[in-house]
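Observations on the model geometry
The chain contents come next:
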Amino acid sequence: MDIPGIEVRPLKTMTGHAEFNETFFTNVRVPVDQIVGQRGQGWFVANATLGHERGMLGDPDALENRLQALIGLMQQESIGEGRAIDNAVLRDRLVALQAEVTAMKCNGMRILSNSLKGEPGGMAKLIVKLQSCEVAHQISALAIDAMGEMGILYHRSPRERDGGAWQWNYMFQLGLIIGGGTAQIQKNIIAERGLEMPREPKLARISDEAKGAAGMQTDRQGAA
Ligand SMILES: Cc1cc2nc3c(=O)[nH]c(=O)nc-3n(C[C@H](O)[C@H](O)[C@H](O)COP(=O)(O)OP(=O)(O)OC[C@H]3O[C@@H](n4cnc5c(N)ncnc54)[C@H](O)[C@@H]3O)c2cc1C
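Figured I'd write up the structure that's included with this text. Treat the numbers as computed from the prediction; the structure is a model and nothing was measured.

1. Topic: the pattern of salt bridges
Summed over the entire model, instances satisfying the criterion amount to seven salt bridges. Between Glu-77 and Arg-161 there is a salt bridge, and its shortest N-O distance comes to 2.5 Å. Remark: Arg-161 occurs in the loop between helix H5 (128–146) and helix H6 (165–178) and Glu-77 occurs in the loop between helix H2 (60–76) and strand E3 (78–79); sequence separation between them is 84 residues. With relative accessibility at 6%, the residue Glu-77 sits in the buried group. Between Arg-83 and Asp-86 there is a salt bridge, with the nearest N and O atoms lying 3.0 Å from each other. Residue classification places Arg-83 among the partly exposed positions, given a relative accessible area of 39%. One salt-bridge network, held together by shared partners, links Arg-83, Asp-86 and Arg-91.

Here it is as structure tokens:
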């Protein structure tokens, strides 16, 4: 990262903080002893890194912790006369999320079992990032709704709960649905690699004849 030409610029998100950066490489030359893996295999390295990132973002134990914290919050918060956890609509959402978290924990155990047996993760591994990031965001959304009017407080308000952590999570977790491969890209991966559905159509190629007629450079000329 100290090599000349590398510039790191912080990116401020809607949380008000800069948790990650954009990195510019201007005429950067990487010394041979600092190449990760083999020269020309950067895509392989990037994909391996993404695989770890997606697994880490979808940690089912972290989901379980958030759910338990949410249950504690809903036992304390009141909506009208009663506790938030006794509100039929909020409770319905909570139980649906509890089922999702339980399913993700079972899925995590399936991945672990496959790994111990030396078998590939298969479909169980492909769904982790998509499903867990969506559920994590919905847990924070329910917490904010359970706080009622206090839910919209953020940043240095004496009435905010848990130091504004629920609001911070709600905003940051929206980004995690995008980062590391968007939800739509995850669905493409599940469809193509998991369900073996037809690959996403590529842009139609324009024939050399049509290009010539339109006065465009043909593939043959480009190759020359
Ligand atoms: C919180 C956060 C942290 C991040 N951290 C990092 C980091 O540390 N390092 C890093 O390099 N990057 C990081 N990113 C960037 C992240 O990887 C990209 O934002 C992400 O890959 C999406 O790329 P894009 O923003 O260019 O969107 P685009 O690729 O332009 O996509 C725009 C929209 O079109 C959809 N789309 C695009 N192609 C297809 C397709 N083929 N099929 C269906 N839908 C499609 C996408 O799903 C999306 O909704 C981070 C982003 C966020 C939000």
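2. Some points on the layout of surface pockets
Its volume calculated, the largest pocket comes out at about 870 Å³. Around the largest pocket, the lining comprises 29 residues; the ones closest to its centre are Gly-51, Arg-54, Lys-125, Leu-126 and Gln-186. Those elements that place two or more of their residues in the lining of the largest pocket are helix H1 (42–57), H2, helix H3 (88–116), helix H4 (122–126), H5 and helix H7 (183–194). Reported here for the second largest pocket is a volume of approximately 340 Å³. Classifying every residue of the lining of the second largest pocket gives eight nonpolar, two polar and no charged.

Conventions and cut-offs
- Residues numbered from 1 in each chain as written.
- Predicted model: local features only at pLDDT ≥ 70, side-chain atom pairs only at ≥ 80, totals over all residues.
- Heavy atoms only, no water.
- Salt bridge = Lys/Arg side-chain N within 4 Å of Asp/Glu carboxyl O.
- Helix = DSSP H or I, 4+ residues; strand = E, 2+ residues; numbered from the N terminus.
- Buried < 20%, exposed > 50% of the residue type's maximum accessible area, 1.4 Å probe, protein only.
- 1 Å grid on protein atoms, 1.4 Å probe; cavity = no way out; pocket = protein on both sides within 12 Å on 5 of 7 lines; lining within 4 Å.
- Points joined across faces, edges and corners; volume = space filled by probe spheres on them.
- Nonpolar A, V, L, I, M, F, W, Y, C, P; charged D, E, K, R; others polar.

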